[in-house]
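# Structural overview for review
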Amino acid sequence: MVTDRPIVVAGAGAIGCFVGGQLAAAGRRVALLVRPRVKTEIERFGLRLTDFDGSEQKLDAGRLALSEDPAIFHSAGIVLVTVKSADTADIADQIARHAPQDAVIVSLQNGVGNVAVLNERLGGRRVLAGMVPFNVVAMGEGRFHRSSSGDIHVGEDAGNTAAALSVPGLTMRASRDITGVQWGKLIINLNNALSALSDMPLVAQLADRDWRRLFADQMAEGLAALKAAGITPVSATPIPMSWTPSLLRLPDVIFNVILGRTMKIDPEARSSMWQDLKQGRTTEIDYLQAAVIALAEQNRVAVPLMRRIVALVKEAETSGKGAPALSPQQIRGGA
């Protein structure tokens, strides 16, 4: 890996712009492959990065290379893949055509199947899995706001890619069990759908015991499916994953103390799936709940609540009316 070559963010949406912007703010050479709307926005307003802790970074557009053309990969030392899971195959083909053979490819995507797709289409290149624990919200006018805490995890490799990418304000840690870390994140991300269906900020939702019990019941289904498949998810917090459903069911006062000690969340933080419904985009439900359901089917584990949640998200996608603001009781339905 040649560290003085550009770091190229492939598909810079909310996560990609925030990560790329933090790297550029720390003096790294960064290029963003962006959609025309995002390119125009950053060229007009610059890139403004705000954080739940009140900190802020402002970068002029000239601090970054912005392009809609995948030829921007031509001199990349590292490519950070941040597209939605459904677009992984397409971006992999673009990387294959344009990026140097020795470029390191790092997937910073939701779900657990993206690295397999990248490896299949990028044979011979070094492809690493990663996990981003925090949420980023696109606020408009070039502002991207990180609304929750956590360090990025990247699969351990001989080149120590995680250390090469770690900068002030954006810590990246090497992981020896990145597959377990990804499954752990996926289990937590099962709440994305509940956040989207509720139309509530994450903090308000987690402060309500009825919503937490719903999340706990869905998580319990997911953990049962993983156990049957012989998969051990790794928690991103000091709390073991197996304890989490029980903790979610605790009374509000006790739970809020535990949450405050393990994670910081902005009062207005929303899930990426909520953002997708709001903007009329297809969600990643097929790469989150559906991935667990597939494991459950293979191992004959019942996951009725998860199936119900998938159906409701699909219904909301089809209606195009945004987040439906359902109650926990409406989501449970006959599950």
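So, here is what we can say about the structure in this document. (Residues numbered from 1 in each chain as written. Predicted model: local features only at pLDDT ≥ 70, side-chain atom pairs only at ≥ 80, totals over all residues. Heavy atoms only, no water.)

### Digging into the pattern of salt bridges
Counting across every chain of the model gives 18 salt bridges. Residues Arg121 and Asp93 are paired through a salt bridge, measuring 2.9 Å at the closest nitrogen-oxygen approach. Taken together, the residues Arg121 in helix α4 (residues 114-121) and Asp93 in helix α3 (residues 88-98) connect sequence positions 28 residues apart. Overall, the relative accessible area of 37% leaves Arg121 in the partly exposed class. Taking relative accessible area as the criterion, Asp93 reaches 26% and is therefore assigned partly exposed. Between Arg249 and Asp217 there is a salt bridge whose closest N-O contact spans 2.9 Å. A residue pair is termed long-range when its members are at least 10 positions apart, and Arg249 in the loop between α10 (244-248) and α11 (252-262) and Asp217 in helix α9 (residues 209-228) qualify at 32 residues. (Salt bridge = Lys/Arg side-chain N within 4 Å of Asp/Glu carboxyl O. Helix = DSSP H or I, 4+ residues; strand = E, 2+ residues; numbered from the N terminus. Buried < 20%, exposed > 50% of the residue type's maximum accessible area, 1.4 Å probe, protein only.)

### Quick word on the sheet that holds strand β3 (residues 47-51)
Spatially, the 4 strands line up as an open sheet ordered β4-β3-β10-β9, and their pairing is mixed. Either end of the sheet is taken by a strand with one partner, and the two such strands are β4 (56-59) and β9 (136-140). The mean angle between the axes of side-by-side strands here comes to 20 degrees, regardless of whether they run parallel or antiparallel. Strand direction decides the pairing type here: β9 and strand β10 (residues 143-146), joined by 4 bridges, are antiparallel. The residue of β10 that forms the bridge with Val137 is His145. Contacting β3, β4, β9 and β10, helix α1 (residues 14-25) runs over the sheet at an angle of about 95 degrees to β3. (Pairing = 2+ DSSP bridges. Axes fitted to C-alpha atoms, helices over the stretch in contact; angles between N-to-C directions. Contact = heavy atoms within 4.5 Å.)

### Concerning the side chain of Asp266
Inspection of the secondary structure assignment puts Asp266 in the loop between α11 and α12 (272-278). No salt bridge is formed by the buried Asp266, whose closest oppositely charged neighbour, Arg143, lies at an N-O distance of 6.6 Å. A polar contact is formed between the side chain of Asp266 and the side chain of His145, at a distance of 2.9 Å. Apart from residues no more than four positions distant in its own chain, Asp266 is found in contact with Phe52, His145, Ser147 and Val203. (Lys, Arg positive; Asp, Glu negative; His and termini not counted. Polar contact = N/O pair within 3.5 Å; in protein donor to acceptor, adjacent residues only side chain to side chain.)

### What about the packing of helix α13 (residues 289-298) against helix α14 (residues 304-319)?
Relative orientation of the contacting elements α13 and α14 amounts to 145 degrees, with a least axis distance of 10 Å. For the element pair α13 and α14, the recorded crossing hand is left-handed. Here Gln289, Val292, Ile293 and Glu297 of α13 come into contact with α14, specifically with Met306, Arg307, Ile309 and Val310. (Left-handed = near helix turned anticlockwise from the far one by under 90°.)

### Some remarks on the sheet that holds strand β11 (residues 152-155)
Taken together, the 8 strands give an open sheet; going across it, the order is β5-β2-β1-β6-β7-β8-β11-β12, and neighbouring strands pair in mixed fashion. Every other strand in the sheet has two partners, leaving β5 (65-67) and β12 (172-175) as the edge strands with one partner each. Direction aside, the axes of adjacent strands within the sheet are offset by 25 degrees on average. Pairing geometry for strand β8 (residues 126-131) and β11, over 2 bridges, is antiparallel. Bridge assignment links Met131 to a residue of β11, and that residue is His153. Packed onto the sheet, helix α6 (residues 178-189) meets β8, β11 and β12 and runs at close to 40 degrees relative to β8.

### With respect to the side chain of Arg125
Within the element layout of this structure, Arg125 appears in the loop between α4 and β8. No salt bridge is formed by the buried Arg125; the nearest opposite charge belongs to Asp102, separated by 7.5 Å. For Arg125, the contacting residues outside a window of four places in its chain are Ile95, Ala96, Ala99, Pro100, Gln101, Ala103, Ile105 and Asn119.

### A word on the nonpolar core
In terms of nonpolar packing, the biggest core is built from 45 residues, with Ile309 and Ile331 touching the most fellow members. For this core, the secondary-structure elements that each account for two or more residues are α6, α7 (191-198), α8 (202-206), α9, α11, α12, α13 and α14. When residues in this core are grouped by element, the largest group, 8 residues, is from α9. Not counting chain neighbours up to four residues away, the residues in contact with Ile331 comprise Leu194, Leu197, Trp211, Leu214, Arg308, Ile309, Leu312 and Leu326. (Core = buried A, V, L, I, M, F, W, Y, C linked by side-chain atoms within 4.5 Å.)

Such coordinate-based values are descriptive only and should not be taken to indicate function.
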